[in-house]
Amino acid sequence: MNRFTRRIGSASARRPWVTIATWAVALLLVLPLAGTVGGSFVDDLVAPGSQSEKAMELLEERFPEASGGEAVAVFAVPEGQRLDDHRPAVEAAVARIADVGHVATTADPFTAGALSADGRIGFARITFDVPAMDVDPEDIEALTKAIEPVRDDGVVAELGGDAVFINAETETSGAEAAGLLTALVILVVAFGTVVAALVPIALALVAVAAGLGSVTLLANAMDVSTAAPTIGAMVGLGIGIDYALFIVARHRENRAAGQDNATALSNAMGSSGAAVLFAGGAVIVAMAALALTGLGFLTSIGLSTALVVLFAVASALTLLPALLSLLGDRVHKGRTARIARKVGPSGAAGRWGRKRTPKRLEDTAWWRFAHRVSGRPWRHLLAASAVLLVLAAPALRMETGFPDAGDDATSTTHRRAYDLLAEGFGPGFNAPLLIVVDLTRPGADAEDVPALSRRIAADPGIATVGEPETSAAGDTVVLPTLPTTAPADAETSQTLARVRDLVPDNVAVSGMTAMTDDLTEQLTDTLPVFIAAILAASFLLLLVVFRSVALPLKAAAVNLLSIGGAYGVVVAVFQWGWLGFLFNLEGTFPVASPMPTIFFAVLFALSMDYEVFLLSRVREEYESTGDTRESVARGMAATGRVITSAALIMTVVFLSFVANPSPLVKMMGLGLATAIVLDATIVRMVLVPAAMALLGRATWWLPRWLDRRLPRMGVEGPDRQPHPEPVLAPAAERP
């Protein structure tokens with residue numbers, strides 16, 4: 001693997017302008033195409049094979065009028081007033097709504113009797129001629145414009161309903177730019193030069209731009225979730241910066257050891273470049289494994305994120321060496337450049353200074369800390385494990401549910417409409433169910449429908465059962481039903497389960513609430529299979545690369561601890577409300593049911609990055625010394641500062657998404673940031689050296705018969721100088 005990445009890097013460095021031009025052409029092709037023929041993002045909230053999916057397919061086939069998406073235009077006036085006083089303005093708004101594309105039917109609140117008991121709140125139900133997930137965002141925008149004039153008459157007007165919630169555009173906070181600026185500051189401090197700091201930022205932006213453009217093109221071929229661009233950008237920015245950082249740091253380390261620019265770059269690509277390729281491959285595999293859930297929206301998130309990561313890896317292996325080749329010693333421009341003028345380009349005595357003596361690995365704080373940990377491994381292992389287990393404890397009480405409009409920020413129109421409808425008509429109004437009767441199958445027939453309706457209405461969790469709606473062919477009946485509780489309430493799920501138990505075999509329950517409950521159930525059922533697949537794949541990859549049985553097992557165990565800690569923090573903050581004010585949360589929220597699966601894929605993949613970069617260097621040192629404890633200390637001394645800087649950058653990038661108005665984006669940002677912090681500190685710097693000290697030489701044990709059968713994919717750099725100095729930002733020499 002190291003020879004492969006060395007060849008790619010060397011080829012790019014020999015023809016830098018050709019490489020840069022190739023990337024420029026790729027961007028000029030992808031981005032305009034994405035803007036012209038790229039698809040729109042939509043959430044495929046269907047659990048394959050579920051009762052809700054079968055019911056919706058039946059409606060689309062036999063009763064398309066009942067399968068169309070729905071929205072609600074909500075009108076309200078202040079306390080003490082009645083909506084009737086503004087009837088002309090409201091009716092004019094309803095008339096404008098009827099003229100919007102794909103709107104099949106609508107009715108004003110006054111003729112439909114859709115007014116609250118105090119006459120202050122009313123709604124106009126809007127039915128589309130396409131399913132909710134297929135409603136064009138442009139039609140939602142047209143509806144927004146249609147209700148705007150009524151506000152001039154003193155009426156509050158908001159848009160809600162499933163079609164609006166599903167197709168709402170994701171808001172941004174602008175904090176992502178602040179995150180990049182902070183990452184730049186960290187890189188400047190780490191490298192001591194603006195030029196070297198700008199290179200990783202620039203590469204990450206190029207990779208994310210190309211990746212998101214490709215994701216938009218992918219949306220033209222398949223349904224891609226509205227969350228895919230956000231998650232892809234979040235992961236792509238962090239990984240893109242980190243991968244470039246690892247290679248640039250190794251290149252500078254080789255230069256500090258006296259290697260000329262071309263040799264230093266080639267050796268960096270053969271060592272850190274190989275680690276980038278392997279780590280990126282692990283991330284891609286983990287994200288693509290989301291397809292194992294069988295859910296369309298998770299599959300699209302996994303494939304989209306994998307696509308962005310693929311561009312990040314490609315840019316690090318090709319565009320980065322081209323830039324470093326062109327920049328030459330200018331990559332050290334700044335504080336490092338001034339030092340170079342003093343000491344000469346390769347450590348020899350310079351015109352204004354004396355010969356520079358590189359700082360030995362044994363003189364670093366990382367080396368001393370690693371020996372302190374390995375000197376008392378049991379104490380550190382147990383203490384670190386206890387901390388992670390305490391943080392993970394809240395995860396045992398995790399409650400999952402699918403997010404609804406009530407979980408969004410109050411700055412969104414669908415959240416305000418949700419609150420008005422719950423106030424005027426009860427919380428169950430936002431959780432409609434569709435009871436679908438297939439009269440062509442044995443069970444309830446047309447004469448049984450009234451009795452079935454009464455039986456369902458008698459359930460304590462049901463507020464109302466509407467009048468039966470029959471298809472034109474008379475073979476399908478729909479009973480619109482409203483529960484007494486909100487969509488994400490546990491009581492609503494219990495009501496759904498009871499209703500499904502009491503109806504005959506030819507009756508199915510669907511609607512958005514039933515669909516999301518089915519999704520949650522399928523996610524819960526498939527999560528163990530998904531986790532097992534990820535663990536098995538990572539075990540095999542690490543086994544092949546590091547030629548060890550113990551290391552993959554250790555990696556799986558410590559990664560599970562850090563992920564568990566992240567789960568626990570998310571539960572404590574979002575579900576229990578601990579320190580919620582720090583994150584501007586407006587209440588408590590169940591953990592979104594897709595989050596544990598997405599978290600595991602992303603976090604396990606990212607933790608593998610640091611595992612690979614640390615262990616690849618430890619393996620190099622072990623090949624030189626044959627001493628497990630010393631090789632761990634030297635590996636930590638060589639990579640500790642780089643990994644810490646990389647983790648800090650990724651943490652800042654992820655935390656910038658916590659400022660997003662959406663609680664779901666906040667949840668994702670906080671969970672990822674927490675896991676990175678835990679992984680780069682407690683796990684990588686305490687648990688790993690303690691565990692390897694206890695294992696001793698058994699760390700690298702591999703049965704001979706297995707060694708002969710495994711392919712060789714080493715990531716260590718064979719041509720490196722013995723123990724080069726790990727320099728990021730060398731301090732100025734004293735005269």
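Structure: above.
Thresholds applied
- As a convention, each chain's residues are numbered from 1 in the sequence order in which they are written.
- A pLDDT threshold of at least 70 governs which residues receive local features in this predicted model, and a stricter bar of 80 or more applies before side-chain atom pairs are shown or counted, although totals over entire chains, interfaces and linings include all residues.
- Remark: hydrogens and water are excluded; side-chain values derive from all non-hydrogen atoms of the structure.
- Between the rings of Phe, Tyr and Trp (Trp by its six-membered ring), a pair exists once the centres lie within 6.5 Å; its type follows the angle of the planes, with under 30 degrees stacked, over 60 edge-to-face, and the other angles tilted.
- Secondary structure is summarised from DSSP: a helix means a run of H or I of at least four residues, a strand means a run of E of at least two, and numbering begins at the N terminus for each.
- We call a residue buried when its accessible area falls under 20% of the maximum for its residue type, exposed when it is over 50%, and partly exposed in between, using a 1.4 Å probe and counting protein chains only.
- In this analysis the probe radius is 1.4 Å and the grid spacing 1 Å, with only protein atoms considered; a cavity is a set of points the probe fits into but cannot get out of, a pocket is an open set with protein on both sides within 12 Å along at least five of seven lines, and lining residues have an atom within 4 Å of a point.
- Grid points are joined across faces, edges and corners, and a volume is the space filled by probe spheres set on the points.
- Note on residue categories: nonpolar means Ala, Val, Leu, Ile, Met, Phe, Trp, Tyr, Cys or Pro, charged means Asp, Glu, Lys or Arg, and polar means any other residue, Gly included.
- Here the rule is simple: two strands pair whenever DSSP picks up at least two bridges between them.
- Between the N-to-C directions of two axes lies an angle of 0 to 180 degrees, each axis being a line fitted to C-alpha atoms and, for a helix, fitted only over the stretch in contact.
- Contacts are assigned to residue pairs that have any heavy atoms within 4.5 Å of one another.
- The patches reported here contain residues having more than 30% relative accessible area and no salt bridge. Joining distances are 9 Å for like charges and 5 Å for nonpolar side chains (Val, Leu, Ile, Met, Phe, Trp, Tyr).
- Methods summary: accessible areas were calculated by the Shrake-Rupley approach with a probe of 1.4 Å, and residue burial reflects only the protein chains presented.
- Salt bridge criterion: a side-chain nitrogen from Lys or Arg within 4 Å of a carboxyl oxygen from Asp or Glu.
- A helix is expected to reach a length of 1.5 Å times the quantity of its residues less one.
- The arc in question is traced by the directions running from the helix axis to the C-beta atoms.
- Handedness of a crossing is defined here by the sense of rotation of the near helix relative to the far one, left-handed for an anticlockwise turn of less than a right angle and right-handed for a clockwise turn.
- Under the counting rule used here, the positive set is Lys and Arg, the negative set is Asp and Glu, and His together with the chain ends is not counted.
- For the purposes of these results, a polar contact is taken to be a pair of N or O atoms within 3.5 Å, where, inside protein, one atom must be able to donate a hydrogen and its partner to accept one; residues adjacent in sequence count only when each atom of the pair is a side-chain atom.
- The angle separating two fitted axes, one through the seven residues that finish at a residue and one through the seven that start at it, defines the bend at that residue.

Student: Describe in detail the packing of aromatic side chains, supporting the description with residues and values.
Tutor: Evaluated as defined, the whole model comprises twelve aromatic pairs. Centroid distance Phe246 to Phe613: 3.7 Å. Interplanar angle 25°. Geometry classified as stacked. With Phe246 in helix 11 (residues 228-256) and Phe613 in helix 22 (residues 595-625), this residue pair connects regions lying 367 residues apart in the sequence. Accessibility classification places Phe246 together with Phe613 in one group, the buried group. Each member of the aromatic cluster is reached from another via a ring pair, and the members are Phe123, Phe425 and Phe429.

Student: If you had to explain empty space enclosed by the protein to someone new, which residues and values would you point to?
Tutor: The full count for this structure, using the stated rule, is three cavities of 30 Å³ or more. Quantified by volume, the largest cavity comes out at close to 150 Å³. Lining of the largest cavity is provided by 13 residues; of these, Phe246, Arg250, Ser272, Arg617 and Thr639 occupy positions nearest its centre. Listed by contribution, the elements that provide at least two residues to the lining of the largest cavity are helix 11, helix 12 (261-288), helix 22 and helix 23 (628-656). Here the lining of the largest cavity is composed, by residue class, of five nonpolar, four polar and four charged. In this structure, the second largest cavity occupies an estimated 60 Å³ of space. Contributions of two or more residues to the lining of the second largest cavity are made by helix 12, helix 20 (512-546) and helix 22. Per element, the largest residue contribution to the lining of the second largest cavity is four residues, and it comes from helix 20. Taken together, the residues of the lining of the second largest cavity break down into nine nonpolar, one polar and no charged.

Student: Talk me through the sheet that holds strand 4 (residues 156-160); I want residue IDs and the actual numbers.
Tutor: Strand order in the open sheet formed by four strands is 2-3-1-4, and the pairing between neighbours is antiparallel. Edge positions in the open sheet fall to strand 2 (103-106) and strand 4, since each of these has one partner strand only. With direction set aside, neighbouring strand axes in the sheet form an average angle of 25°. Together, strand 1 (70-76), strand 2 and strand 3 (121-128) form the strand contacts of helix 5 (residues 87-98), whose direction differs from that of strand 2 by roughly 155°. On the sheet, helix 7 (residues 137-151) packs against strand 1, strand 2, strand 3 and strand 4 and is oriented at approximately 165° with respect to strand 4.

Student: Residue-level account of a nonpolar patch on the surface, with values.
Tutor: A contiguous nonpolar surface patch, about 610 Å² in accessible area, is contributed by Trp576, Trp578, Leu579, Phe581 and Leu582. Relative to the assigned elements, Trp576 resides in the loop between helix 21 (550-575) and strand 11 (591-592).

Student: Please set out helix 2 (residues 16-37) residue by residue, giving values where relevant.
Tutor: Taking 1.5 Å as the rise per residue, helix 2 with 22 residues should run 32 Å; its terminal C-alpha atoms sit 31 Å apart, in good agreement. Looking only at helix 2, the buried set comprises Pro16, Thr19, Trp23, Leu27, Val30 and Ala34. Down the axis of helix 2, the sector holding all buried residues measures 80°, keeping them to one side. Relative to its buried face, helix 2 has exposed residues pointing more than 90 degrees away, namely Trp17, Val18, Leu28, Leu29 and Thr36. The secondary structure elements touched by the buried residues of helix 2 are helix 1 (2-14), helix 10 (194-218) and helix 13 (296-327).

Student: Hey, could you go over the pairing of strand 3 for me, with residue numbers and the actual values?
Tutor: Along strand 3, seven of the eight residues are buried, which leaves the element largely enclosed by surrounding structure. Here seven bridges tie strand 1 to strand 3, and the two strands are oriented antiparallel to one another. What sits directly across from Ala76, in strand 3, is Ile121.

Student: For the environment of Ala89, give the residues involved together with the corresponding values.
Tutor: Along the chain, Ala89 falls in helix 5. Spatially, the C-alpha atom of Ala89 lies 9.1 Å from that of Asp152, the residues being 63 residues apart in sequence. Filtering out sequence-adjacent residues up to four positions away, Ala89 remains in contact with Val150 and Asp153.

Student: Please give an account of the packing of helix 10 against helix 11 that cites residues and values.
Tutor: Contact geometry of helix 10 with helix 11 gives a least axis separation of 8 Å together with a crossing angle of 145°. Crossing angle aside, the handedness with which helix 10 passes helix 11 is right-handed. For the pair formed by helix 10 and helix 11, the contact residues are Ala196, Val199, Pro200, Ile201, Leu203, Ala204, Leu205, Val208 and Leu212 on the first element and Pro229, Ala233, Gly236, Leu237, Gly240, Ile241, Ala244, Leu245, Val248 and Arg252 on the second. A breakdown of the residues in the contact of helix 10 with helix 11 according to their chemical character gives 16 nonpolar, two polar and one charged.

Student: Lay out the side chain of Asp242 in plain terms, naming residues and giving numbers.
Tutor: Along the polypeptide, Asp242 turns up in helix 11. Buried charged residue Asp242 carries no salt bridge. Nearest counter-charge: Arg684, at 11 Å. At 3.1 Å, the side chain of Asp242 and the side chain of Tyr610 are in polar contact.

Student: Provide a residue-level description of helix 13, including the pertinent values.
Tutor: When the terminal C-alpha atoms of helix 13 are compared, their 44 Å separation across 32 residues agrees well with the 46 Å that a helix rising 1.5 Å per residue should span. Along helix 13, the helix axis deviates most sharply at Ser315, where the bend reaches about 40°. After helix 13 finishes, the residue Gly328 shows a positive phi value of roughly 55°.

Student: I'd like to hear about the environment of Phe278, residue by residue, with values.
Tutor: By secondary structure assignment, the location of Phe278 is in helix 12. Owing to a relative accessible area of 4%, Phe278 belongs among the buried residues under this scheme.

Student: Could you give me a rundown of unusual backbone geometry, with the residues and numbers involved?
Tutor: A positive phi angle, close to 70°, is found at His102, a residue other than glycine. Tracing the chain through its elements places His102 in the loop between helix 5 and strand 2. Its identity as a non-glycine residue notwithstanding, Asn584 has a phi of 55°, on the positive side. Mapped onto the secondary structure, Asn584 falls in the loop between helix 21 and strand 11. On the accessibility criterion, Asn584 (61% relative accessible area) is exposed.

Worth remembering: the numbers are spatial, not functional.
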